[in-house]
Amino acid sequence: MQQLVILGATGSIGLSTLKVVSEHSERYQVLALTADTNVAGMLELCNRFQPKYVVMANVEAAAELRQRLPSHLKGIEVLSGQAALAEIAGHGDADIVMAAIVGAAGLLPTLAAVRAGKTVLLANKEALIMAGSLFMQEVRHSGARLLPVDSEHNAIFQCLPASLQQAVSRHQLQTDSLSSHSISKLMLTASGGPFLQRPLHEFATITPAEAIAHPNWDMGQKISVDSATMMNKGLEFIEAHWLFQCPVDAIEVVIHPQSVIHSMVQYTDGSVIAQLGQPDMCTPIAYALAYPERISTSVPALDFSRMSELSFSGADKKRFPNLYLAIEACRYGQAATTALNAANEVAVAAFLQHRLAFNDIARLNEQVLEKMATNSAKDLEHILAIDEQARQLAQQQLGALSK
Ligand code: NAD
Ligand code: MG
């Protein structure tokens, strides 16, 4: 029986993880669940999964949850705050930690799980965008095992030879590991989001409701907006760079609106190996949970007789400037990607609150990136300082843009 901690249990990835887990209760037991403020959601999860521990990042939410737990669940220990999140992520009884907090808030708890040598299932891509080099060094030194959950990276992982999978998950990669395994390119597929066909002159008036209505995937709000601007693919580009130690020029983004191929690996003999499936996160979650075995999910098989077309194209710079900003940041290095991530979190939150136009998300990101790209980020302290500085700068620019 493996003991599981889910960071971000009330979110889209957290709930999909619990769905897979509930279909395999002979293999997995829920040790701890965490969330930020969603008391009602957590209460329901406590009823269904009866974890030993719950952490609410928000102190008032924890107090409310303690009060609302029915008497037969009063044995659940409810903790709160950042230190408790990190403590639970590295808990001595935990075997597997699902890192599914959204945004920069996920970095420290995910790092705590890595430092404690856990098997870490990584959905929280922002942790790698902010601290890729440091994060991967910690994986190597702590003996943790890192398995990608993001569907594209999970697909690429599935398309690698077994020896290379081992090296990726333990971060025992050299700078030439991909080429020495005859890999010439990693190809990230992207749906293009809801605005792939929208006339560019209408972009200025795109509303949050339109942006979070993704055509293929059902996800949290932040990643849905990132998918609409294609910043999500930009963040995934950086994620692939760190996870697979892949040179920037060997990563290609391909728009594939049907989201059937989840990503591909191109080999030097001309072969391209792809992973296909329904756009349902239960598949990559199940793969990461059971690796190197496979377990069943309720995701229906692909029906090729009903699939009329798989199409592909490149990503237009005018339509998706955020993608290219992220690639530029990846070339600059750690400070640039940290600053871009922070600016984007501020921009997306402001857009969702109707305080920033859709087009201005990229403008804000570009302004912050321009000012901060050449900073240096050597250690965690630097990284957190750059994150904070970029947020402040973004807030200032926000005032100017929203006028
Ligand atoms: P979500 O918004 O649905 O859920 C986020 C979870 O994090 C919630 O449980 C919330 O309570 C918790 N949380 C939010 N802010 C917090 C804070 N400050 N401190 C502690 N906990 C906090 O998000 P999601 O769509 O599930 O995405 C989670 C992560 O997985 C993101 O990094 C996203 O990029 C990544 N991801 C998601 C999908 C998807 O299909 N949803 C796919 C690939 C990768
Ligand atoms: Mg993805």
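Owing to the predicted nature of the structure, the values given are computational and were not obtained by experimental measurement. Here the residue numbering is sequential within each chain, running from 1 through the sequence in written order. To read the labels, note that chains go from A and ligands from 1, taken in the order they are written. Confidence filtering applies because this is a predicted model: local features only for residues at pLDDT of at least 70, side-chain atom pairs given and counted only at 80 or more, and all residues used for totals across whole chains, interfaces and linings. In computing side-chain values, all of the structure's heavy atoms are included and hydrogens and water are not.

Side note on the coordination of the magnesium ion (ligand 2)
Threshold: Coordinating donors are taken to be N, O and S atoms lying within 2.8 Å of the metal, or within 3.2 Å when the metal is Na, K or Ca; because water is excluded from the atom set, some sites may appear incomplete. Strands here mean DSSP runs of E at least two residues long; helices mean DSSP runs of H or I at least four residues long; both are numbered from the N terminus. Exposed residues in this analysis have more than 50% of their type's maximum accessible area, buried residues have under 20%, and partly exposed residues fall in between, with area computed by a 1.4 Å probe over protein chains only.
The protein atoms that coordinate the magnesium ion (ligand 2) are Asp150 (OD), Glu152 (OE) and Glu236 (OE), at distances spanning 2.1 to 2.2 Å. We note that the donor set of the magnesium ion (ligand 2) lies within a single chain, spaced as D-x1-E-x83-E. Pair noted here: Asp150 is in the loop between β7 (145–148) and α7 (151–158) and Glu236 is in helix α12 (residues 231–243), with a separation of 86 residues, a long-range link. Across the pair, Glu236 and Asp150 agree in class, each one buried.

Here we look at the sheet that holds strand β4 (residues 77–80)
Threshold: What makes two strands pair is DSSP finding at least two bridges between them. Angles shown run from 0 to 180 degrees and are taken between the N-to-C directions of axes, each axis being a line fitted to C-alpha atoms and, for helices, limited to the stretch in contact. Contacts are assigned to residue pairs that have any heavy atoms within 4.5 Å of one another.
With respect to topology, seven strands assemble into an open sheet ordered β4-β3-β2-β1-β5-β6-β7, the strand pairing being parallel. On the outer flanks of this sheet lie β4 and β7, each paired with one strand and no other. This sheet shows a mean twist of 20 degrees between the axes of neighbouring strands, independent of strand direction. Here strand β3 (residues 53–56) runs beside β4; their pairing, made up of four bridges, is parallel. Across the sheet, residue Met56 finds its bridge partner in β4, namely Ser80. Its contacts with the sheet put helix α1 (residues 12–22) on β1 (2–7), β2 (28–35) and β5 (96–99), and the angle it makes with β1 is roughly 160 degrees.

Remarks on the site of ligand 1
The condition that has to hold: Any residue with a heavy atom lying within 4 Å of a molecule or strand is counted as near it. Pairs of N or O atoms within 3.5 Å make up the polar contacts considered here, provided that, within protein, one atom can donate a hydrogen while the other can accept it, and that residues adjacent in sequence are counted only when both atoms are side-chain atoms. The method behind every accessible area is Shrake-Rupley, applied with a 1.4 Å probe, and residues are considered shielded solely by the protein chains displayed. Three categories are distinguished: nonpolar for Ala, Val, Leu, Ile, Met, Phe, Trp, Tyr, Cys and Pro, charged for Asp, Glu, Lys and Arg, and polar for the others, with Gly belonging to the last.
Neighbouring ligand 1 are 23 residues; Thr10, Ser12, Ile13, Glu126 and Gly220 lie closest to it. One of the backbone N or O atoms of Gly8 is found 3.3 Å from an oxygen atom in ligand 1. Contact with the protein chains removes 87% of the 830 Å² of surface that ligand 1 exposes when unbound. At the level of secondary structure, the elements contributing two or more residues to the shell around ligand 1 comprise α1 and α6 (125–142). Within the shell around ligand 1, the residues separate by chemical class into 13 nonpolar, six polar and four charged.

Description of the pairing of β2
Quick note on the threshold: Look down the strands so they point away from you; if the path from the first strand over the helix to the second goes clockwise, the crossover is right-handed.
Counting buried residues in β2 gives seven out of eight residues, a clear majority hidden from the surface. Inspection of the sheet shows β1 paired to β2 by five bridges, in the parallel sense. Note on β2: the bridge partner recorded for Ile6 is Leu33. Chirality of the crossover, the property in question, places the unit of β1, α1 and β2 among those that are right-handed. The pairing of β2 with β3 spans four bridges and is parallel. Looking across to β3, one finds that Leu33 is bridged to Val54. A crossover links β2 with its parallel partner β3, the connecting element being helix α2 (residues 39–49), and its sense is right-handed.

Describing the environment of Gln174
Its location among the elements puts Gln174 in the loop between α8 (162–169) and α9 (177–180). Put simply, Gln174 and Cys246 are 72 residues apart on the chain and 10.0 Å apart in space, counted from C-alpha to C-alpha.

Side note on the UniProt feature "binding site: NADPH" (unreviewed entry) in the chain
So the rule is basically this: UniProt positions are given in the numbering used here, feature names are shortened, and annotations may be inferred rather than shown by experiment.
UniProt records the feature "binding site: NADPH" (unreviewed entry) for Thr10, Gly11, Ser12, Ile13, Asn38, Asn124, Glu126 and Gly220 in the present numbering. Relative to the helices and strands, Gly11 is located in the loop between β1 and α1. Exposure remark for Gly11: the relative accessible area of 26% places this residue in the partly exposed category. By the secondary structure assignment, Asn124 is in the loop between β6 (119–122) and α6. For Asn124, a relative accessible area of 1% corresponds to the buried category. Look past the residues within four positions of Asn124 in its chain and what remains in contact with it is Ala99, Ile101, Val102, Gly103, Gly106, Leu107 and Thr110.

Let's talk about the pairing of β3
Covered by surrounding structure in β3 are Tyr53 and Val55 together with Val54 and Met56, the residues of both alternating faces. Viewed along the sheet, the connection from β3 through helix α3 (residues 59–68) into β4 turns out right-handed.

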